Amino acid sequence: NQAKAAWRANSIWSAASPAPCVHPYLLNKGILPNGARLHKDSLVLPVMDFGLNITSLQFIQEDGIKLLLSNGRKRGCFIPVRDNSAYCATKDTNLIIICEGWATACTLAHDIPKALVLAAIDAGNLEYVAVTTRCLFPSANITIAADDDRLTPGNPGATKAKAAALAANASLVLPDWPDDSPKHLTDFND
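Presented here is a report on the structure given in the accompanying data block.

About the cut-offs
- Every chain begins its residue count from 1, and numbering advances along the sequence as written.
- Thresholds applied to this predicted model are a pLDDT of at least 70 for local features of residues and 80 or more for the giving and counting of side-chain atom pairs; totals over whole chains, interfaces and linings are not thresholded and use all residues.
- Side-chain calculation: all heavy atoms of the structure are included, whereas hydrogens and water are not.
- Here, strands pair whenever DSSP counts at least two bridges between them.
- Labels follow the DSSP assignment, with helices taken as runs of H or I lasting at least four residues and strands as runs of E lasting at least two, numbered in each case from the N terminus.
- Any two residues whose heavy atoms approach within 4.5 Å at even a single point are treated as in contact.
- Whenever a helix is involved, its axis is fitted only over the stretch in contact; in every case the axis is a line through C-alpha atoms, and angles between N-to-C directions fall within 0 to 180 degrees.
- These descriptions rest on fixed angle ranges, namely under 35 degrees for roughly parallel, over 145 for roughly antiparallel, 65 to 115 for roughly perpendicular, and the rest for oblique.
- What makes a crossing left-handed is the near helix being turned counterclockwise from the far one by less than a right angle; a clockwise turn instead makes it right-handed.
- Charged residues are taken to be Asp, Glu, Lys and Arg, nonpolar residues to be Ala, Val, Leu, Ile, Met, Phe, Trp, Tyr, Cys and Pro, and polar residues to be all remaining types, Gly included.
- Each residue is assigned to one of three classes by its accessible area relative to the maximum for its type, calculated with a 1.4 Å probe on protein chains only: buried under 20%, partly exposed between the two thresholds, exposed over 50%.
- Criterion for a salt bridge: a side-chain nitrogen of Lys or Arg within 4 Å of a carboxyl oxygen of Asp or Glu.

1. Re the sheet that holds strand 7 (residues 95-99)
- If you trace the five strands from one edge of the open sheet to the other, you get 6-8-7-9-10, paired in mixed fashion. A single partner strand is all that each edge strand has here, and the edge strands are strand 6 (79-80) and strand 10 (171-173).
- Contacting strand 6, strand 7, strand 8 (116-119) and strand 9 (141-145), helix 4 (residues 102-111) crosses the sheet at an angle of about 170° to strand 8.

This is the structure in structure tokens:
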């Protein structure tokens with residue numbers, strides 16, 4: 001099933017056109033397309049393994065609803081912020097940042113352009129991506145940029161990010177909120 005989903009993902013990705021800068025999700029998040037493509041009205045993002053094979057796709061609708069391609073492999077995979085050639089060109093990078101979502105990754109990549117930034121898709125996948133990253137880049141400075149789900153019991157974003165940082169011998173950072181910031185803010189894009 002995963003092999004069929006990967007074939008379908010590659011087919012959809014190949015047929016998709018470059019995403020316009022005026023896509024409502026990009027405007028709402030204040031980010032550029034960063035390699036995203038457009039499939040129907042949704043942004044489409046490649047979910048990749050560390051061999052740079054597309055294993056699945058993430059679709060982001062105009063209203064921000066996110067969907068993954070059915071049966072596609074996610075565990076241990078990531079969404080790159082830049083295209084594959086940029087990822088390959090930075091394989092000797094000394095700074096790697098791993099976060100949950102793609103919009104957060106785009107914000108971090110913009111703010112820290114020399115970093116290789118990977119979106120792990122969700123909190124449950126952070127540890128898998130972080131441990132694989134550590135194996136492939138044993139001497140890199142790896143940082144987990146956590147979501148701060150402070151309104152959710154147990155703060156799963158911070159909790160899973162801490163576990164990922166410990167498992168991969170990585171640093172951990174959380175957003176530093178100003179005192180007057182709205183409580184619903186959770187990530188570095190916010």
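2. Observations concerning the packing of helix 5 (residues 126-136) against helix 6 (residues 156-167)
- Where helix 5 meets helix 6, the closest approach of the two axes is 8 Å, and the angle between their N-to-C directions is 20°. Relative to helix 6, the element helix 5 is oriented roughly parallel. Relative to helix 6, helix 5 is oriented so that their crossing is right-handed. On helix 6, the residues touching Leu126, Glu127, Ala130 and Val131 of helix 5 are Lys160, Ala161, Ala163, Ala164 and Ala167.
- Residues belonging to the contact of helix 5 with helix 6 are distributed by class as follows: seven nonpolar, no polar and two charged.

3. Some words on unusual backbone geometry
- One non-glycine residue, Asn34, lies in the positive phi region at around 45°.
- With respect to the helices, strands and loops of the structure, Asn34 is situated in the loop between helix 2 (24-29) and strand 2 (37-39).
- The class of Asn34 is partly exposed, set by a relative accessible area of 27%.
- A positive phi is found at Asn71, a non-glycine position, where the angle reads about 65°.

4. Focus: the pattern of salt bridges
- Evaluation of the coordinates by the stated rule reveals two salt bridges.
- One salt bridge connects Asp49 with Arg73, and the closest N-O pair in it is separated by 3.8 Å. Taken together, the residues Asp49 in the loop between strand 3 (42-48) and strand 4 (54-60) and Arg73 in the loop between strand 5 (66-68) and strand 6 connect sequence positions 24 residues apart.
- Among the residues examined, Asp49 registers a relative accessible area of 14% and is labelled buried.
- Here Arg73 falls in the partly exposed class, since its relative accessible area comes to 30%.

5. Section: the environment of Arg8
- Relative to the helices and strands, Arg8 is located in helix 1 (residues 2-15).
- What makes Arg8 partly exposed here is its relative accessible area of 44%.
- Taking C-alpha positions, Arg8 is 9.1 Å from Gly72, a pair spaced 64 residues apart along the chain.

6. Quick notes on the environment of Gln2
- Relative to the elements of secondary structure, Gln2 occurs in helix 1.
- Each C-alpha atom of the pair Gln2 and Ala120 lies 18 Å from the other, and the pair is 118 residues apart in sequence.
- The contact partners of Gln2, leaving out residues within four places of it in the chain, are Asn71 and Arg73.

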